[in-house]
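# A closer look at the structure
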Amino acid sequence: MASIEAILFDWAGTVIDFGSCAPVVAMENTFADEDIKVEQDVIRRYMGMAKREHVIAILSEPAVGARWRDAKGADWTEADVDRVMIALEPAMQSAATEHSQLIPGAAAAILAAREKGIRIGSTTGYTRTMMTGILPAAATQGYVPDVTICAGETAQGRPAPLMLWQAMAQLKAWPAARCVAVDDAPVGIEAGRNAGLWTIGVVASGNGVGMDANAWAALDPTEQAARLKPVIASFDKVGADFVIQSVADLAMALDAIEQSVNAGCHPGGAATVALGCEAT
């Protein structure tokens with residue numbers, strides 16, 4: 001039996017969209033159309049959740065709730081969430097398609113995993129509609145996961161493990177302790193832990209830093225290290241097994257997981273290990 005049976009990747013900030021910028025753009029614009037200002041840090045606080053739950057979490061912020069009440073004359077309701085979601089779907093679809101470029105090194109890293117016989121699946125907080133532009137765009141860049149499970153296709157989204165379990169079932173991949181979840185948001189790592197998988201957090205390319213590739217590369221090493229420190233801490237807090245700068249560094253984490261599996265170790269049994277996270 002192979003040491004690793006399957007890898008389940010998140011999408012934005014993990015495999016595509018360095019900095020996980022698309023959700024921020026779409027959320028900002030959709031709330032602005034409701035005359036409600038929502039800061040980027042508030043939007044990023046709940047990244048990785050299914051988008052309806054994401055909207056509810058934002059509206060549940062006391063400051064945002066107060067702005068809604070001031071603008072609308074009443075507290076928000078589920079009907080308001082329905083209306084926001086109707087507007088958010090096309091906004092997210094457009095923004096996600098615009099930010100569908102693979103993270104540098106992603107295609108090569110995933111191909112290398114496939115060549116070892118590892119099955120490739122994916123889960124996302126995006127709905128199937130939001131993914132309609134991303135899937136073909138990713139395919140033209142060499143990334144075609146065997147399975148993609150979207151928000152709303154299971155009874156609960158992250159941090160519940162159901163999307164990961166559904167992807168594993170479709171891949172016929174088991175046991176869980178020989179499967180891996182890769183995500184740029186702590187809530188995705190929580191889902192992986194809840195599913196019984198090994199977990200890898202990506203810290204430079206994802207939501208925690210929240211910068212596109214050019215902006216990140218323009219930082220000097222000291223500033224990069226300073227930005228990575230709290231992001232690594234956030235993954236350590238939720239029990240990630242490993243963290244890497246981006247999916248381009250996947251092989252390092254897979255080698256460490258294979259060694260752990262072969263030694264009889266199980267996911268979540270030790271402190272988070274940072275691999276290759278020195279600023280470059």
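For the structure given in this document, a descriptive report is provided here. Keep in mind that this is a model prediction, so the values were computed, not measured.

## Here we look at the packing of helix 3 (residues 51–59) against helix 5 (residues 78–98)
Between helix 3 and helix 5, whose axes approach to 10 Å, the crossing angle comes to 125 degrees. One finds that helix 3 runs oblique with respect to helix 5. Between helix 3 and helix 5 lies a crossing whose hand is right-handed. Contacts between helix 3 and helix 5 pair Lys51, Arg52, Val55, Ile56 and Leu59 from the former with Glu78, Val81, Asp82, Val84, Met85, Leu88 and Met92 from the latter. Looking at the contact of helix 3 with helix 5, its residues break down into eight nonpolar, no polar and four charged.

## Some remarks on the nonpolar core
Across soluble globular proteins, nonpolar side chains show a tendency to be buried alongside one another. In this structure, Ile7 and Phe9 are the most contacted members of the largest nonpolar core, which totals 76 residues. Top contributing element to this core by residue count: helix 5, with seven residues. Excluding residues that lie within four positions of it along the chain, Phe9 makes contacts with Thr14, Val15, Ile110, Ile120, Gly121, Ser122, Thr123, Tyr143, Val182, Val247 and Leu250.

## Brief notes about the state of the cysteines
Applying the stated criterion to the full structure yields zero disulfides. We note that Cys179 lacks a disulfide partner, and the nearest cysteine sulfur, in Cys265, lies 17 Å from it. Look at Cys179 and you get buried, because its relative accessible area is 0%.

## Digging into the packing of aromatic side chains
Enumeration according to the criterion identifies two aromatic pairs in this entry. Here Phe9 and Tyr143 contribute two aromatic rings whose centre-to-centre distance is 6.5 Å and whose plane-to-plane angle is 85 degrees, an arrangement assigned as edge-to-face. Taken as a pair, Phe9 in strand 1 (residues 6–9) and Tyr143 in the loop between helix 7 (134–140) and strand 3 (147–149) lie far apart in primary sequence, 134 residues in all. On the accessibility criterion, Phe9 (0% relative accessible area) is buried. On the basis of relative accessible area, Tyr143 is assigned to the buried category, the value being 2%. Linked through ring pairs, Phe9, Trp11 and Tyr143 together constitute an aromatic cluster. Here Lys72 stacks its cationic end above the ring of Trp68, 5.0 Å away from the centre of that ring.

Reading the values: rules and limits
Throughout this document, residue positions are counted from 1 along each chain, in the order its sequence is written. The predicted origin of the model limits local features to residues at a pLDDT of at least 70 and limits the giving and counting of side-chain atom pairs to 80 or more, whereas totals for whole chains, interfaces and linings rest on all residues. Hydrogens are left out, water is left out, and the side-chain values use all remaining heavy atoms of the structure. Axis definition: a line fit to C-alpha positions, over the contact stretch in the case of helices; interaxial angles, taken between N-to-C directions, run 0 to 180 degrees. Numbering of helices and strands runs from the N terminus; a helix is a DSSP stretch of H or I covering at least four residues, while a strand is a stretch of E covering at least two. Oblique is the label for every angle not falling under 35 degrees (roughly parallel), over 145 degrees (roughly antiparallel), or within 65 to 115 degrees (roughly perpendicular). In this scheme the crossing of two helices becomes right-handed for a clockwise turn of the near helix relative to the far one and left-handed for an anticlockwise turn of less than a right angle. Whether two residues touch is decided by their heavy atoms; if any such pair falls within 4.5 Å, the residues are in contact. Think of it as three bins: nonpolar holds Ala, Val, Leu, Ile, Met, Phe, Trp, Tyr, Cys and Pro, charged holds Asp, Glu, Lys and Arg, and polar takes everything else, Gly as well. Nine residue types can take part in a nonpolar core, namely buried Ala, Val, Leu, Ile, Met, Phe, Trp, Tyr and Cys, and a core is a set of them joined through side-chain atoms within 4.5 Å. Each residue's exposure class comes from its accessible area (1.4 Å probe, protein chains only) as a fraction of the maximum for that residue type: buried when under 20%, exposed when over 50%, partly exposed otherwise. Count a disulfide wherever a pair of cysteine sulfur atoms falls within 2.5 Å. Stacked, tilted and edge-to-face are the three classes applied to pairs of Phe, Tyr and Trp rings, where Trp contributes its six-membered ring and a pair requires centres within 6.5 Å; stacked means planes under 30 degrees apart, edge-to-face means over 60, and tilted covers the rest. Whether a charge sits over a ring comes down to the Lys NZ or Arg CZ being within 6 Å of the ring centre and within 35 degrees of the ring normal.

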